Amino acid sequence: MNVTTAIEKLNELETKMYAYASAESALYLDGATVAPKDTAEGRGVALGILAGESHKLFACEETKALLDFLGENKQELDEKLNRRVELLKRDYGMLSKIPADEYMEYARLTNDASDIWHRAKETSDFSIFEPYLEKLVAFNIKFAGYYDSSKLPYDALLNEYERGVDMKYLDNFFNTLRNKLVPVIKAISQKPQIDDSFLHKHYPAEVQRKFSDYLMEVMGLDRNHCTIGETEHPFTLNFSSQDVRITTNYDENSLADSMYSVIHEGGHALYELGVDRELDYTCLAGGVSMGVHESQSRFYENIVGRSEAFVKAIYPKVKEFFPEQLNGVDADMFYKAINKAQPSLIRTEADELTYCFHVMIRYEIEKQLISGELAVKDIPETWNSLYKEYLGVDVPDDKHGCLQDSHWSGGSFGYFPSYALGSAYGAQMLANMEKEIDVWGGIENGSISHVTEWLKDKVHKYGCLKEPSEIVKNACGGEFDPNYYTDYLVSKYTSLYNL
Ligand code: ZN
C-alpha cells in the first residue's frame, strides 16, 4: 500500500460511514417527526442492522491496518488528514472493544426506550420506563469501561461529551456557580416579581409558525439549507454542513417557549452550517463537543436573544405578529418578562439564572446512578427531593419531574453538564468578542451577522479539527474561567431586579 492508495481507502471508508450515519439519522428524524405512532418496531429492526453493519465496517482488522499505516506516514499527510487519523484511531480503540452484538442490542434498546419514554411521559408513569432505564444504565456502566477502564465509569462517560472534563472539575465548577448565584436568587425572591402574564395568553400555533420563519430570517439561517419541523422535544440534526434540520414545539399558551427554542436550535444550526465545507463526509465534520455546541446555541438563545438590544430591535415585528396579545405591552416590559427569574420545574423552560440548578440536579443523580449508589427505582424520590432542596419547588408528578427530558432514553449519561459548561463558555466568549467588535451596536440595528461571522471564525469553521479545549481557549481569549459567567449573570439580574 502506498500513501495515495491509503488516502483513497480512507475517503471511501469515511464516505460509507457517512452513508450509514445518514440513514440512521433519517430514520431517527422520521420517527421523531412524521412517522405514525405505533411504528417504532420496524425502525428498531432497521437501526439495529445499520448499527451492526457500520460497526463491522469500522471495527475490523482492515481499518486498523489502514489507520496504522497512515499513522506511520504522518509526515506525508496534511493537518486535516493527520487529525482524521488521530480521531479515527481514538474511535477505533473504543469501538473495537464493544462486541458487535452488544452494539446492535444497544441500538435496538435506545430505539425502544425512546418510544417507551414518550408513553411514560405522556401518562406520567415512571414504572413502564424503569426496566428500560435499568438496562440503559447497565449498558453505560459497561461501555464506560470500554471507553477508558482507568477512569471511574462516570468520568469516562463525561469525557465522551466534553474531553478533559471529570467529576472533580465539575464539582468545582458547580460550587462556583452555587456560591455566586444562590444569593442572587434569594435576593430576587425578596423583590416584587416581574409580570409576564401576557406571554401566556393564547398564541395560535399557525401564527407562531410564521413567527418562527421570521426568527430564522433574523438569525440569518438559509432556508435552502435548514428546515424547521415540530417535535415533542426540540432538537437539531445535521446531515452535513449543507443540510441541517431544527425542530420546535408549539405551546399555544406560551410565546416564549417556542421563540427561544427556535433561537436555541437555530444557534446549533448556525454552528453546523458554519463548519468548513471541506470537512464534510469525514469525522471532522460537525460540532466538536456537546459543551461547545451548547456554548453556541445558548449564546444565541440567551446572550443575544434575551439581551435588551436584541429584544428592542425585534419587538416592533413581534408586535405585528401578535398585536392583540401584546396590546399595551412595550419593549421594556417584554424584555423584563422574557428574563423573569423564578425557580421552576421544567429545565427547558427555566430562566437563564436558575437554569444551571436544573443541570446540577441531573448531574448529582447521574453521578450516583453510574456509581451504583442510587437504584433506578429510587430516581423519582431523589429527583423530587433535590428539586425541593435546590430550587424550593414541589414536583407534582414524574411528567414534570424525572420523565421530562429525553436524554436518558437515548442512553445519554454525562450530557447534561455540557449545557451549564456551554453557557459559561459563552459568557467568556462574549467578553472576548466585545474587545474585538461592536457587538451591541450591530444588534441594536437588528442584525446579528457580525456575531455569527466572529463565532464562525473562532469556533464554527474548525469542526473537529481542534480539540474542544483549544477551541474554547481560542474563542475565550484565554483559559476558561467560570467567573465570567457568574459575573455576567449577577450583573444582568442585579439590574433587572434592582438588587
Ligand atoms: Zn441545545
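Residues numbered from 1 in each chain as written. Predicted model: local features only at pLDDT ≥ 70, side-chain atom pairs only at ≥ 80, totals over all residues. Heavy atoms only, no water.

Here the domain parsing of the protein yields domain 1 (3-150) and domain 2 (167-497). Taken over C-alpha atoms, the centre of domain 1 sits 27 Å from the centre of domain 2. At the interface, 38 residues of domain 1 touch 40 residues of domain 2. Of the roughly 3,300 Å² buried between domain 1 and domain 2 on both sides combined, carbon and sulfur atoms contribute 69%. Linking domain 1 to domain 2 there are five salt bridges. The partner of Lys121 in a salt bridge is Glu232, and the shortest N-O contact between them spans 3.0 Å. Mapped onto the side of domain 1 that touches domain 2, the elements with two or more residues apiece are α1 (3-32), α4 (79-95), α5 (100-123) and α6 (126-147). (Domains from an automatic or database assignment. Contact = heavy atoms within 4.5 Å. Buried area = accessible area lost by both parts, 1.4 Å probe. Salt bridge = Lys/Arg side-chain N within 4 Å of Asp/Glu carboxyl O. Helix = DSSP H or I, 4+ residues; strand = E, 2+ residues; numbered from the N terminus.)

The end-to-end C-alpha distance of α6, which contains 22 residues, comes to 30 Å, matching closely the 32 Å that a straight helix rising 1.5 Å per residue would cover. Where α6 bends most, at Tyr132, the angle is about 30 degrees. Within the sequence span of α6, burial applies to Phe126, Phe129, Glu130, Leu133, Leu136, Val137, Phe139, Asn140, Phe143, Ala144 and Tyr146. Looking at the buried side of α6, the elements it contacts are α4, α5, α7 (153-161), α14 (355-371) and α15 (379-391). (Expected span 1.5 Å × (residues − 1). Bend = angle between axes of the 7 residues up to and from the residue. Buried < 20%, exposed > 50% of the residue type's maximum accessible area, 1.4 Å probe, protein only.)

Formed by 154 residues in total, the largest nonpolar core has its most connected members in Leu133 and Phe334. For this core, the element with the most residues is α14, which contributes ten residues. Split by domain, this core shows at least three residues from each of two domains, domain 1 (3-150) and domain 2 (167-497). Residues within four places of Leu133 in sequence aside, it is in contact with Phe126, Val376, Ile379, Trp408 and Phe413. (Core = buried A, V, L, I, M, F, W, Y, C linked by side-chain atoms within 4.5 Å.)

Our focus in this paragraph is the coordination of the zinc ion. Around the zinc ion, the protein contributes the donor atoms His264 (NE2), His268 (NE2) and Glu294 (OE), which lie 2.1 to 2.2 Å from the metal centre. Spacing between the donor residues of the zinc ion along the chain follows H-x3-H-x25-E. Remark: His268 and His264 occur in helix α10 (residues 256-274); sequence separation between them is four residues, near one turn of the helix. Among the residues examined, His268 registers a relative accessible area of 7% and is labelled buried. (Donors = N, O, S within 2.8 Å, 3.2 Å for Na, K, Ca; no water.)

As a further point, take the sheet that holds strand β2 (residues 236-240). Strand order across the open sheet formed by three strands is β1-β3-β2, with mixed pairing between neighbours. Pairing within the sheet leaves two strands with one partner each, and these edge strands are β1 (226-230) and β2. For this sheet the average axis-to-axis angle between neighbouring strands, irrespective of direction, equals 20 degrees. Note: β1 against strand β3 (residues 243-248), five bridges, orientation parallel. Looking across to β3, one finds that Gly229 is bridged to Thr247. (Pairing = 2+ DSSP bridges. Axes fitted to C-alpha atoms, helices over the stretch in contact; angles between N-to-C directions.)

A separate point is the packing of aromatic side chains. By convention here, two paired aromatic rings are described through the distance between centres and the angle between planes. Per the counting criterion, the structure on display carries 30 aromatic pairs. When the centroid spacing of 4.9 Å and the interplanar angle of 40 degrees are considered together, the rings of Tyr315 and Phe334 count as tilted. Within this pair, whereas Tyr315 is found in helix α12 (residues 308-321), its partner Phe334 is found in helix α13 (residues 331-337), the two being separated by 19 residues in sequence. Look at Phe334 and you get buried, because its relative accessible area is 1%. Note on Tyr415 and Tyr419: the rings are 5.2 Å apart at their centroids and 45 degrees apart in plane angle, and the pair reads as tilted. Taken as a pair, Tyr415 and Tyr419 share a single burial class, namely buried. Members of the aromatic cluster, connected to one another through ring pairs, are Tyr161, Tyr355, Trp383, Tyr387, Trp408, Phe413, Tyr415, Phe416 and Tyr419. It is Lys135 that lies over the ring of Tyr132; its NZ or CZ is 5.8 Å from the centre. The ring of Tyr419 is capped by Arg347, whose NZ or CZ atom sits 4.5 Å from the centre of that ring. (Phe/Tyr/Trp six-rings, centres within 6.5 Å; stacked < 30°, edge-to-face > 60°. Lys NZ or Arg CZ within 6 Å of the ring centre and 35° of its normal.)

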